[in-house]
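# Chain and residue survey
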Amino acid sequence: MDKTEERIQSLTEHTYGTWRAQKGWKKPLFIKDAEGVYMYDQDDKRYLDFSSQLMCSNLGHKNKVVIEAIVKQAEKMPYIAPGFAQEAAVNAVEALLTVMPKGLDRFFFSTSGTEANEAALKILRQYMAPKYKVISRYHSYHGGTVAGVTFTGDPRRWYAERARCTVEGVRFAPDAYCYRCPFGLSYPDCNIQCAEYVDYMIKEEGNVAAVLVEPVVGTNGRIVPPPEYFPRLRKICDENGALLVADEVMTGWYRTGPVWAMQNWNVMPDILTTAKGCTGAYAPVGITVTTKKIKDYFEEETMCHGHTYSFHPLVLSAVAPSVAEYKRLMATGLPQRIAGYLEKKLYELEEHHECIGDVRGMGHFWALEIVKNRKTKERFDTKADKFRKVLMPDRIAGEALKRGLYTACWYDTLMIAPPLIITEEQVDEGIGILDKALEIADREVVHTDTPGSRSSGAFK
Ligand SMILES: Cc1ncc(COP(=O)(O)O)c(C=O)c1O
């Protein structure tokens, strides 16, 4: 065993690996450096980061401006308690106000997306009392803690439920998933039944305080709703006296084109949560943003929430320079150009690989849904298989990694979400590797005479 292997072993033996049976936490790849859109292992082998790690390193790795701001803050004042005013928090607020949709301008700072959603839950349940129910959707992930995982529709919730680690009062609505419509309908003749059903749910449930959505579903499939979905959902919430909460932890920060994905449909939520890209992942920050009306409610009422690390100066120091770096990058026009290029390349990939059932996404936020049979849309693996065995997308991602490409995956999709700094040549490099890696699944597809219909998801 060489020195690096020994060190990996000491890490895996003494720590819990996340979201896995621990026998699967034995030989993680050792990454010793990362710069731009690449990361490097102990042998200096280079990997193109095609998923921005966990859809968070939007500015790429080693951004000097953000790093310098954090270093300066570390030297000056890394920590002060949340009850004091301090410069990093003021700078963060001022920068955020330049990118928030009008009317969303009251912030609470924590240290993760999960905590941003926990804070949203506590705020909205106090504000909406005695209404308390939250409607989420089956294809969703909203965090790892007890409340966050209860809002989550994916299998991570099943494990928490077995361990009785969930909260009361969360219900799940059908997804706006046109490729596999839960009502068996087809857009545009469907009357957006997935939205209408939420109206039915709210009326039947009673006591619904809020509807919580990922504007474009992230980990659970990059599901882009039809254009009418969010305007209708906003109306349904208003008519029924429920809040609309947008979880922009993954979709925020130009991932889908505009700063916020909800801006694609000109819909403003009552509460927005974000994290990940708000610092380009250089420091852990979670942000819960509300309207003034919600904050005003707490003028007399106690906002019964906080942590030692709320408003942490060291991590907040990364927010303002990140906002500035996003603006600088967007002004170059590169991300806007690449979004179209990436889309074109992914559809070309679909032409060559029968295992690709659907291509979905927007901007720098895409998924390839992998199927065994394009015509019937049969999957290789089911939702219940997740965390139980090595699935087809894991095998494709594993092959890609061997060939120098990192891409995150889920039980039925590969997630394509490179940093916003990626260039055409680098997209070509990634697509070239995927082209080879996808052959693993192509070899196991069930061939049918009739080609499958082309994808559903990229509404224009
Ligand atoms: C939509 C969404 N919400 C919340 C979270 C939780 O964020 P964090 O992992 O920072 O706690 C995630 C994480 O992937 C996410 O994708």
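Residues numbered from 1 in each chain as written. Predicted model: local features only at pLDDT ≥ 70, side-chain atom pairs only at ≥ 80, totals over all residues. Heavy atoms only, no water.

### Thoughts on the overall build of the chain
A count of helical and extended segments in the chain gives 16 helices and 15 strands. On C-alpha atoms alone, the chain measures out to a radius of gyration of 22 Å, which is about the 23 Å that the 2.2 N^0.38 rule sets for 460 residues. The principal-axis extents of the C-alpha atoms in the chain amount to approximately 65 × 55 × 45 Å. Burial statistics for the chain: of 460 residues in total, 55% are counted as buried. For the chain, the share of sequence-separated contacts (at least 6 apart) that also reach a separation of at least 24 residues comes to 73%. Total accessible area on the chain stands at roughly 20100 Å², and carbon and sulfur atoms take up 53% of it. One finds the centroid of the 58 positive side-chain charges in the chain at a distance of 2 Å from the centroid of its 60 negative side-chain charges. (Helix = DSSP H or I, 4+ residues; strand = E, 2+ residues; numbered from the N terminus. Rg over C-alpha atoms; globule rule 2.2 N^0.38 Å. Buried < 20%, exposed > 50% of the residue type's maximum accessible area, 1.4 Å probe, protein only. Contact = heavy atoms within 4.5 Å. Areas by Shrake-Rupley, 256 points an atom, 1.4 Å probe, with all protein chains shown as cover. Lys, Arg positive; Asp, Glu negative; His and termini not counted. Charge placed at Lys NZ, Arg CZ, Asp CG, Glu CD.)

### Quick word on the side chain of threonine 288
Within the secondary structure layout, threonine 288 lies in strand E10 (residues 286-290). In this structure, threonine 288 is in contact with Arg106, Phe107, Phe108, Ala116, Ala119, Ala120, Ile123, Ile271, Leu272 and Thr273, ignoring residues within four places of it in sequence.

### Some details on the domain arrangement of the chain
Annotation of the chain at the domain level lists domain 1 (3-62 + 332-442) and domain 2 (64-328). Opposite the 41 residues of domain 1 that make contact, domain 2 presents 45 residues. Here domain 1 meets domain 2 over a buried area of about 3400 Å², counting both sides, of which 58% is carbon and sulfur. In this structure, the connection of domain 1 to domain 2 is made through one salt bridge. Notably, a salt bridge pairs arginine 180 with glutamate 369, separated by 2.7 Å at the nearest N-O pair. Where domain 1 touches domain 2, the interface holds 21 residue pairs in polar contact (both at pLDDT 80 or more). (Domains from an automatic or database assignment. Buried area = accessible area lost by both parts, 1.4 Å probe. Salt bridge = Lys/Arg side-chain N within 4 Å of Asp/Glu carboxyl O. Polar contact = N/O pair within 3.5 Å; in protein donor to acceptor, adjacent residues only side chain to side chain.)

### Some details on helix H12 (residues 319-332)
Between its first and last C-alpha atoms H12 spans 20 Å; for 14 residues at 1.5 Å apiece the expected length is 20 Å, and the two agree. The secondary structure elements touched by the buried residues of H12 are helix H3 (64-76), helix H4 (87-97), helix H11 (313-316) and helix H13 (334-352). Positive backbone phi, approximately 85°, marks glycine 333, located one or two places after H12. (Expected span 1.5 Å × (residues − 1).)

### Points about the sheet that holds strand E8 (residues 243-247)
If you walk across this open sheet you meet the seven strands as E4-E10-E9-E8-E7-E5-E6, and the pairing is mixed. Lying at the two open borders of the sheet, with one neighbouring strand each, are strand E4 (106-110) and strand E6 (170-173). The mean inter-strand angle of the sheet, taken between neighbouring strand axes irrespective of direction, is 20°. Bridge count between strand E9 (residues 271-274) and E10: four bridges; the pairing is antiparallel. When the sheet's bridge partners are listed, threonine 274 is paired in E10 with isoleucine 287. On top of the sheet, helix H5 (residues 113-128) reaches E4, strand E5 (133-137), strand E7 (208-213), E8, E9 and E10; it is set at about 25° to E10, its chief contact. (Pairing = 2+ DSSP bridges. Axes fitted to C-alpha atoms, helices over the stretch in contact; angles between N-to-C directions.)

### Description of the pairing of strand E15 (residues 413-416)
Burial along E15 is two-sided: the residues Thr413 and Met415 and Leu414 and Ile416 are all buried. Pairing between strand E12 (residues 365-373) and E15: four bridges, direction antiparallel. Looking at the pairing, glutamate 369 lines up with threonine 413 of E15.

### Thoughts on the sheet that holds strand E3 (residues 46-49)
Whether parallel or antiparallel, the strands of a sheet pair through hydrogen bonds between backbone atoms. The strand order across the open sheet built from four strands is E1-E2-E3-E14, with neighbouring strands paired in mixed fashion. At either margin of the open sheet sits one strand with a lone partner, and together these are strand E1 (31-35) and strand E14 (405-406). Against the sheet, helix H15 (residues 424-437) makes contact with strand E2 (38-41), E3 and E14, and its axis sits at roughly 105° relative to E3, the strand it touches most.

### Here we look at the packing of aromatic side chains
Applying the stated criterion across every chain, the model contains 19 aromatic pairs. Considering the side-chain rings of phenylalanine 387 and tryptophan 410, the 6.2 Å spacing of their centres and the 80° angle between planes classify their relative orientation as edge-to-face. Of this pair, phenylalanine 387 sits in the loop between strand E13 (378-379) and helix H14 (392-402) while tryptophan 410 sits in the loop between E14 and E15; the two residues are 23 residues apart in sequence, bridging distant segments of the chain. When its relative accessible area of 26% is taken as the criterion, phenylalanine 387 is described as partly exposed. (Phe/Tyr/Trp six-rings, centres within 6.5 Å; stacked < 30°, edge-to-face > 60°.)

### Side note on the site of the ligand
If you check the shell around the ligand, you find Ser112, Gly113, Thr114, Asn117, Tyr141, His142, Gly143, Glu214, Asp247, Val249, Met250 and Lys276 and nothing else. Take aspartate 247: an N or O atom from its side chain is 2.7 Å from a nitrogen atom of the ligand. When the free accessible area of the ligand is taken as 390 Å², the share hidden by the protein chains comes to 84%. With three residues, H5 is the single largest residue contributor to the shell around the ligand. Counted by class, the shell around the ligand contains three nonpolar, six polar and three charged residues. (Near = heavy atom within 4 Å. Nonpolar A, V, L, I, M, F, W, Y, C, P; charged D, E, K, R; others polar.)

### Observations regarding the environment of tyrosine 127
Take tyrosine 127: it is sitting in helix H5. Distance from tyrosine 127 to glutamate 301, taken between C-alpha atoms, is 9.1 Å for residues 174 residues apart in sequence. Once residues lying within four places of it in the same chain are set aside, the contact partners of tyrosine 127 are Leu243, Lys293, Ile294, Tyr297 and Phe298.

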